[in-house]
Amino acid sequence: MSDEDDDDEGPPGVPAGTPFYMTPDGFAALQAELHELWHGERPKVTEIVSWAAALGDRSENADYQYGKRRLRQIDSRVRFIRRRIARSEVIDPRDQKRRDQIFFGATVTYAREDDSEVTVTIVGMEEADASLSRISWVSPVARALLGKRQGDLIKLRTPSGVEEIEVMKIFYPERDA
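Since the model is a prediction, treat every value here as computed from it, not as a measurement.

Enquirer: Just to check I follow, could you spell out the layout of surface pockets for this structure?
Expert: It is a probe the size of a water molecule, rolled over the atoms, that shows where empty space is left. There is about 210 Å³ of room inside the largest pocket. Considering the residues around the largest pocket, the lining is formed by 14 residues, among which Thr23, Asp25, Pro93, Arg134 and Pro173 are closest to the centre. Of all the secondary-structure elements, those providing two or more residues to the lining of the largest pocket are α1 (24-54) and β4 (117-123). Residue composition of the lining of the largest pocket, grouped by class: five nonpolar, four polar and five charged.

Laid out in structure tokens, this is it:
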């Protein structure tokens, strides 16, 4: 597998070469994953593969076959993470000066047409997790929200049609004193 096999260009609609924006927490998590893969899991799998290879016939040796496959997966993920880290731009939402407007790292509450409220935090692509209400800055909702202010009405294109949403609240975390 070559480096070109790992998709690192980013999502559609984002120009090639655009940095991968991340929060400090997201960047730290990616570095921790890289460290665990390279210094934790990979040496263990390498040891198993070496042990299995010493047993002889590798063609029917499940430990060897699985271990080699897992090493390829680890190496592929390590290459991906290293390239992502190299192209990352860490943006700390605590440093945001214009807190009345929605930028990367903002936590935003918006009202939908059915009067329900949704709160999301705009984060990097690697950090997005819908179950935690963390949406990627390139998602349709985040793109519609970016640059807006409290009280702004936004037309959001959804699979079921266009919905109008209203920005209710914008929050940025504060620096520890």
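Enquirer: Help me out: how do you make sense of the sheet that holds strand β7 (residues 161-171) in this one?
Expert: The pairing of strands in a sheet happens through backbone hydrogen bonds and is either parallel or antiparallel. Read from one edge of the open sheet, five strands run β5-β4-β3-β7-β6, paired in mixed fashion. Two strands lie at the open edges of the sheet, namely β5 (134-136) and β6 (153-158), each paired on one side alone. Between one strand axis and the next, the sheet turns through 45° on average, direction left out of account. Bridge analysis of β4 against β5 gives three bridges, and the strand direction is parallel. Within β5, the residue paired with valine 123 across the bridge is serine 136.

Enquirer: Got a minute to help me understand unusual backbone geometry in this structure?
Expert: Excluding glycine, residues mostly carry a negative phi; peptide bonds, for their part, are mostly trans. We note that aspartate 115 has phi near 70°; this positive angle belongs to a residue other than glycine. On the secondary structure map, aspartate 115 appears in the loop between β3 (107-111) and β4. Aspartate 115 gets classed as exposed once you look at its relative accessible area, which sits at 69%. One non-glycine residue with positive phi stands out, namely serine 133, at about 60°. Serine 133 gets classed as partly exposed once you look at its relative accessible area, which sits at 31%.

Enquirer: I would appreciate a short explanation of the environment of arginine 42 in the present structure.
Expert: Among the structural elements, arginine 42 can be located in helix α1. The partly exposed category is assigned to arginine 42, whose relative accessible area is 22%. Along the backbone, arginine 42 and leucine 71 are 29 residues apart, and their C-alpha atoms lie at a distance of 6.7 Å. The contact partners of arginine 42, leaving out residues within four places of it in the chain, are Leu37, Leu71, Ile74 and Asp75. Looking at arginine 42, its side chain comes within polar contact range of the side chain of aspartate 75, at 2.6 Å.

Enquirer: Before we go on, may I ask you to explain a nonpolar patch on the surface in this structure?
Expert: A cluster of nonpolar residues, Ile48, Trp51 and Leu55, forms a patch on the protein surface that exposes about 330 Å² of accessible area. Of the residues examined, tryptophan 51 reaches a relative accessible area of 48% and is grouped as partly exposed.

Enquirer: How should I be thinking about the packing of aromatic side chains in this particular structure?
Expert: Each aromatic ring pair is summarised here by two numbers: the centre-to-centre distance and the angle between the ring planes. Per the counting criterion, the structure on display carries two aromatic pairs. Note on tyrosine 21 and phenylalanine 104: the rings are 6.2 Å apart at their centroids and 50° apart in plane angle, and the pair reads as tilted. Placement of tyrosine 21 in strand β1 (residues 20-22) and of phenylalanine 104 in the loop between β2 (88-90) and β3 is noted, with a sequence separation of 83 residues between them. For tyrosine 21, a relative accessible area of 22% translates into the label partly exposed. Ring geometry for tyrosine 21 and tryptophan 137: centres 5.1 Å apart, planes at 75°, overall edge-to-face. With tyrosine 21 in strand β1 and tryptophan 137 in the loop between β5 and α3 (140-145), this residue pair connects regions lying 116 residues apart in the sequence. Residue classification places tryptophan 137 among the buried residues on the basis of a relative accessible area of 14%.

The rules behind each value
Residues numbered from 1 in each chain as written. Predicted model: local features only at pLDDT ≥ 70, side-chain atom pairs only at ≥ 80, totals over all residues. Heavy atoms only, no water. 1 Å grid on protein atoms, 1.4 Å probe; cavity = no way out; pocket = protein on both sides within 12 Å on 5 of 7 lines; lining within 4 Å. Points joined across faces, edges and corners; volume = space filled by probe spheres on them. Helix = DSSP H or I, 4+ residues; strand = E, 2+ residues; numbered from the N terminus. Nonpolar A, V, L, I, M, F, W, Y, C, P; charged D, E, K, R; others polar. Pairing = 2+ DSSP bridges. Axes fitted to C-alpha atoms, helices over the stretch in contact; angles between N-to-C directions. Buried < 20%, exposed > 50% of the residue type's maximum accessible area, 1.4 Å probe, protein only. Contact = heavy atoms within 4.5 Å. Polar contact = N/O pair within 3.5 Å; in protein donor to acceptor, adjacent residues only side chain to side chain. Patch = residues over 30% accessible without salt bridge, like charges linked within 9 Å, V, L, I, M, F, W, Y side chains within 5 Å. Areas by Shrake-Rupley, 256 points an atom, 1.4 Å probe, with all protein chains shown as cover. Salt bridge = Lys/Arg side-chain N within 4 Å of Asp/Glu carboxyl O. Phe/Tyr/Trp six-rings, centres within 6.5 Å; stacked < 30°, edge-to-face > 60°.

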